[in-house]
Amino acid sequence: MRVLVIEDEPDLAASLGRSLRDEGYAVDTAFDGEDGLFRAESIDYDAILLDVMLPKLNGWQVLERLRRSKKTPVLMLTARDTSGDRVRGLDGGADDYLVKPFDLAELLARLRALIRRTSGCASSLIEAGTVCIDTVARTVTQAGQPVALTPREYCLLEFLALHRGEVVTRTTLYEHLFDEDDSTLSNLLDVHVSNLRRKLGSDVITTRRGHGYCVEG
Amino acid sequence: MFLRSIQWRLQAWHGLTLILVLAGFGFTVFRLHRETELQQMDRELDQHLNVLVRALRDHRPPGRSSPTGLDHSGPGSSALPSSRGFRLLPEREELFSEETGFYYIVWRRDGHTLGRSTNAPVSIPMPSVAPSDRGTRARELVRESFHFTPPGECLLVGRLTGADQARLRRFSMSLWGLGAGVLTLGLLGGWWIARRALRPITDITTTAARISGGNLSERIEAKKTDDELGHLAEVLNATFARLQASFDRQREFTANAAHELRTPITVVMSQSESALARERSLPEYREALAACLRAAKRMRQLTEALLSLARMDGSQTSLKREQVDLCAVVRESIGSLNSLAEQSQIRIENEHGSLKGIGDPETLRLVVTNLLTNAIQYNREGGVVTVRIASESSWAVVSVMDEGPGVSADSLGRIFERFYREDGSRSRHTGGVGLGLAIAKTCMAAMGGSISATNIEPHGLCVTVRIPGVPIGG
């Protein structure tokens, strides 16, 4: 999962980035509205955390312009907490709204829910065949037996499971699993896939040669 | 409870006045009417008595005067001779009949009845001798006039007054009825008028109660603006408007202050939560602590700014008004900012000289330091801050100019607003809390001075403060 944080307070952006990376997200950061909008328009993020008070372009303007081209889920972060502000945010195309100062746990839960909703899952448990993924605890079980995965492997499996039934291209996988600071070699993806097959069985992830990977629904 | 209401009091006075007027009027009318009736009756009785007197005189031959006095014969007399007494001629007799209601009776001096009309009541007491020869008396249901002739006969004409009294009673009843009607109408009309006159007050009261209950945006509807209540409504509306404006300003200020405090709190919370979430490396812990410290410093800066604003807002009187050497103030301020200027590689140019103004030195130093800090922080790298001190008519003027980007024409008038920031964001790089210029403005207002800002061509901002100058010879 790749998330964009648009926040002009560097200390807040840093702590958000650290917490999100801890949760296995790939995180990009923008410190002003213009930069944020540019990134949001050029990459398909799984979610965007958007502050309202930003230099150059404020959060409302970023949201308005972004909505002309993209449906990326947006979680607004703001210190303004009147119901008028909330309504304005939600009506302006934000998918959720969180008032500062927020609880990190709540932010993460809302973010998970946001991503889940976007991919059409209502539950935090994803089942694909005998494999069951708990997106809250970030654990995977196969036929009731827990399977130990590295964070990257988990992220790869979660992404494919969220898009189960679809063929996910390698490019998409790269875009959603690695942030711009990652200088991962392209064959690393194949290593993760083969590790997952080894741990979960070879039929869990199928390869569509020339297209990408797929987890059957 | 009713007496506390103006409407009920008005109504009570109105009713009382109306009752008094009606009673006086009715009583007078009744009296006048009865008087007129009686006079009329007495006149008629007199006329009838005169007929009788004439008849008796004509009846008596001149020169003769017998105590019995009656020779009831003779031509041309109006009375007919009668062996038994006195009788009127028939056409005169008609005057005294059941139809006219009049009767007469004539007594001799000794009380013997000489004559009477047929309709005269059976027992009529003879009037006692009156001081004058004529008199009127009223008995039960009759009124009588009598006349004593010189020889001593008594002539009495009477009339039954039962019908008259009944008429008078009816008249009095109709007066009562009329009075009651007028009173009812008057009370109803008074009630209506009082209600109409007082309804705006009730409206004003209800609206004012609603407004003071919390909805300050509401206003009293003033339909008629030219009457007293219209003026009252206007005055109240103006008061509410001022109140609302002041509340709004206060609310906005509080919201802004809370908003400004939330950002550093968010930093502290998320930094510490994220640092505590798992085992971290030493540099990571260091960085988290440093971020928390930065946030705490920011909060300190903000609370200090808020405090000094609050102090300024409420302490106009405690400021000193003394002669201040502006140049000394500027020199001291520059001295305290030297290290900051060096850090930012900014040079401060100060034109030397000496100029005195009237103000509070501490406050003035705070303002100048504020302006200089802004000029350093918003300057271009390696830029120059110029301070100019001058005298303009009755003002002592300090101008602080930077070589930064200036501000947009829109913002020029707004940069003195509390928490106003040009780009709408926290000035991350400059570390300001958005209150410096607002504090400066409040300080200048408290000292009876002013502050203004203009852009300099080609780039830069000039902020000018004015305080009252020292009068010549002062």
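Residues numbered from 1 in each chain as written. Chains lettered and ligands numbered in written order. Predicted model: local features only at pLDDT ≥ 70, side-chain atom pairs only at ≥ 80, totals over all residues. Heavy atoms only, no water.

Caption draft 1: Looking closely at the overall build of chain B. Secondary structure summary: chain B contains nine helices and 14 strands in total. In chain B, which comprises 474 residues, the share counted as buried stands at 42%. Intrachain contacts of chain B at a sequence separation of at least 6 include 62% that bridge at least 24 residues. Total accessible area computed for chain B in this model is approximately 27200 Å², and 58% of it derives from carbon and sulfur atoms. (Helix = DSSP H or I, 4+ residues; strand = E, 2+ residues; numbered from the N terminus. Buried < 20%, exposed > 50% of the residue type's maximum accessible area, 1.4 Å probe, protein only. Contact = heavy atoms within 4.5 Å. Areas by Shrake-Rupley, 256 points an atom, 1.4 Å probe, with all protein chains shown as cover.)

Caption draft 2: Region of interest: the environment of serine 15 of chain A. Within the secondary structure, serine 15 of chain A is located in helix H1 (residues 10-22). Residue class for serine 15 of chain A comes out buried when judged on its relative accessible area of 0%. When residues no more than four places from it in sequence are discounted, the contact partners of serine 15 of chain A are Ser270, Gln271 and Ser274 of chain B.

Caption draft 3: Representation of the side chain of arginine 137 of chain B within the structure. Residue and element names in this part refer to chain B. Turning to its location among the elements, arginine 137 is positioned in strand E5 (residues 134-139). Here proline 125 takes part through its backbone oxygen, which lies 2.7 Å from a polar atom of the side chain of arginine 137. A polar atom in the side chain of arginine 137 sits 2.7 Å from the side chain of glutamate 144. Residue contacts for arginine 137: discarding those within four places in its chain leaves Ile124, Pro125, Met126, Pro127, Val142, Arg143, Glu144, Phe146 and Leu156. (Polar contact = N/O pair within 3.5 Å; in protein donor to acceptor, adjacent residues only side chain to side chain.)

Caption draft 4: Structural context of the environment of histidine 176 of chain A. All names here are of chain A. In this fold, histidine 176 is placed in helix H7 (residues 170-177). Residues histidine 176 and valine 3, 173 residues apart in the sequence, show an inter-C-alpha distance of 8.3 Å. With sequence-adjacent residues up to four places away left out, histidine 176 is seen in contact with Met1, Arg2, Ala26, Asp44, Tyr45, Asp46 and Phe159. Within the structure, the side chain of histidine 176 is placed 2.6 Å from the side chain of aspartate 46, a separation counted as a polar contact.

Caption draft 5: Structural context of the pairing of strand E4 (residues 74-78) of chain A. All names here are of chain A. Of all five residues that make up E4, five are buried, and the element is covered over most of its length. Going residue by residue along E4, you find Val74, Met76 and Thr78 tucked away on one face and Leu75 and Leu77 tucked away on the opposite face as well. Judged from the four bridges that link them, strand E3 (residues 47-51) and E4 form a sheet pairing that is parallel. Within E4, the position partnered with aspartate 51 by the bridge is leucine 77. Two strands pair when backbone bridges link them, and E4 and strand E5 (residues 96-99) are joined in this way by four bridges, in the parallel orientation. Bridge assignment links threonine 78 to a residue of E5, and that residue is valine 99. A crossover connection joins E4 to the parallel E5 through helix H4 (residues 83-91); in handedness this β-α-β unit is right-handed. (Pairing = 2+ DSSP bridges. Right-handed = clockwise from strand over helix to strand, strands pointing away.)

Caption draft 6: Quick look at the packing of helix H1 (residues 6-59) of chain B against helix H3 (residues 162-212) of chain B. All names here are of chain B. At a minimum axis distance of 9 Å, the contact between H1 and H3 shows a crossing angle of 160°. Here H1 is positioned roughly antiparallel relative to H3, judged by the angle of their axes. In this structure, the crossing between H1 and H3 has a hand that is right-handed. Looking at the contact of H1 with H3 residue by residue, the classes come out as 18 nonpolar, 10 polar and five charged. (Axes fitted to C-alpha atoms, helices over the stretch in contact; angles between N-to-C directions. Parallel < 35°, antiparallel > 145°, perpendicular 65-115°, else oblique. Left-handed = near helix turned anticlockwise from the far one by under 90°. Nonpolar A, V, L, I, M, F, W, Y, C, P; charged D, E, K, R; others polar.)

Caption draft 7: Up close: unusual backbone geometry. With an omega of -5°, the peptide bond between lysine 100 of chain A and proline 101 of chain A qualifies as cis. On the secondary structure map, proline 101 of chain A appears in the loop between E5 and helix H5 (104-118). Put simply, glutamate 457 of chain B and proline 458 of chain B share a cis peptide bond, and its omega is -5°. For proline 458 of chain B, the position within the fold is in the loop between strand E13 (450-455) and strand E14 (461-468). Positive phi, close to 70°, is recorded for lysine 56 of chain A, a residue that is not glycine. Given the relative accessible area of 55%, lysine 56 of chain A is considered exposed.

Caption draft 8: Broad picture of empty space enclosed by the protein. Residue and element names in this part refer to chain A. In the structure shown here, the tally under the stated rule is two cavities of 30 Å³ or more. Estimates place the volume of the largest cavity at around 110 Å³. Residue lining of the largest cavity: Met1, Glu23, Gly24, Tyr25, Arg112, Ile115, Arg116, Thr135, Arg138, Glu158 and Leu162, and that is the complete set. Elements with a minimum of two residues in the lining of the largest cavity: H5 and helix H6 (151-162). A breakdown of the residues in the lining of the largest cavity according to their chemical character gives four nonpolar, two polar and five charged. Here the lining of the largest cavity spans two domains, since at least three of its residues come from each of domain 1 (2-118) and domain 2 (125-215). (1 Å grid on protein atoms, 1.4 Å probe; cavity = no way out; pocket = protein on both sides within 12 Å on 5 of 7 lines; lining within 4 Å. Points joined across faces, edges and corners; volume = space filled by probe spheres on them. Domains from an automatic or database assignment.)

Caption draft 9: Fine view of the domain arrangement of chain B. Residues and elements named next belong to chain B. Split into domains, chain B comes out as domain 1 (2-166), domain 2 (228-310) and domain 3 (320-468). Taking both sides of the interface into account, the surface hidden between domain 2 and domain 3 amounts to around 1100 Å²; carbon and sulfur atoms contribute 68%. When the buried area of domain 2 at its contact with domain 3 is split by residue, Glu260, Arg298 and Leu309 rank highest and sum to 45% of it. In this assembly, domain 2 and domain 3 are joined by zero salt bridges. If you look at where domain 2 meets domain 3, you find zero residue pairs in polar contact (both at pLDDT 80 or more). (Buried area = accessible area lost by both parts, 1.4 Å probe. Salt bridge = Lys/Arg side-chain N within 4 Å of Asp/Glu carboxyl O.)

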